[in-house]
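One letter stands for each residue in the lines below.
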Amino acid sequence: MEVYQTLGFQAIIGLVSHIFFIAITFFALQAFRAEQLFKKGKVFQIQLIYILLSIAIGSSVSNFLIDFSNWSRQLPYIFS
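Treat the numbers as computed from the prediction; the structure is a model and nothing was measured.

Undergrad: Quick one: what's the story with the overall build of the protein chain, residue by residue and with numbers?
TA: Per the secondary structure count, the protein chain includes 2 helices and 0 strands. Taking 12 Å as the expected radius of gyration for a compact globule of 80 residues, we find that the protein chain reaches 18 Å, considerably beyond that expectation. Based on the C-alpha atoms only, the size of the protein chain along its principal axes is roughly 60 × 30 × 15 Å. Buried residues in the protein chain amount to 15% of all 80 residues. In the protein chain, 76% of the contacts between residues at least 6 apart in sequence involve partners at least 24 apart.

Next comes the structure, spelled out in structure tokens:
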């Protein structure tokens, strides 16, 4: 049963991490003036770009931190 609990815990950490970093990235992207890059009246497309960039950047950062955490937990196996 220990293996299933560990997998479930890792799944929760992954989900929360992804959602957190996607939200942080979306908040940070609001500082950019992307409206100047697009044609006038293309509000939906601008919002879609914000969402897609938030998902791409946020999940990349989350994956990096989760991988880094997993690798750091595996370091003691070098010395055993």
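Undergrad: How would you sum up the packing of aromatic side chains? Please name residues and give values.
TA: Within the structure shown, the criterion is met by 2 aromatic pairs. Aromatic side chains Phe 20 and Phe 21 sit 5.1 Å apart centroid to centroid with 75° between the ring planes, which places their arrangement in the edge-to-face category.

Undergrad: Let's hear about helix α2 (residues 43-74): which residues, and what values?
TA: Between the first and last C-alpha of α2 there are 46 Å, a value that for 32 residues agrees with the 46 Å anticipated at 1.5 Å per step. Every buried residue of α2 is accounted for by Ile 46, Tyr 50, Ser 54, Gly 58, Ser 59 and Ser 62. At its buried positions, α2 is contacted by α1 (2-29).

Thresholds applied
- Starting from 1, residues in each chain are numbered consecutively following that chain's sequence as written.
- The predicted nature of this model means local features are confined to residues of pLDDT at least 70 and side-chain atom pairs, given and counted, to a pLDDT of 80 or more, with totals for whole chains, interfaces and linings taken over all residues.
- Hydrogens and water are ignored here; the side-chain numbers use all heavy atoms of the structure.
- In this description a helix means any DSSP run of H or I spanning at least four residues, a strand means any run of E spanning at least two, and both kinds are numbered starting from the N terminus.
- For the radius of gyration, the atom set is restricted to C-alpha positions; the globular benchmark scales as 2.2 Å times the number of residues to the power 0.38.
- Type-normalised accessible area, obtained with a 1.4 Å probe on protein chains alone, sets the label of each residue: buried when under 20%, exposed when over 50%, and partly exposed for intermediate values.
- Whether two residues are in contact is decided by their heavy atoms: any pair within 4.5 Å suffices.
- Only the six-membered ring of Trp is used, alongside the rings of Phe and Tyr, when aromatic pairs are assigned; centres must lie within 6.5 Å, and planes under 30 degrees apart are stacked while those over 60 apart are edge-to-face, with the rest tilted.
- A helix's residues, less one, multiplied by 1.5 Å, set its expected span.

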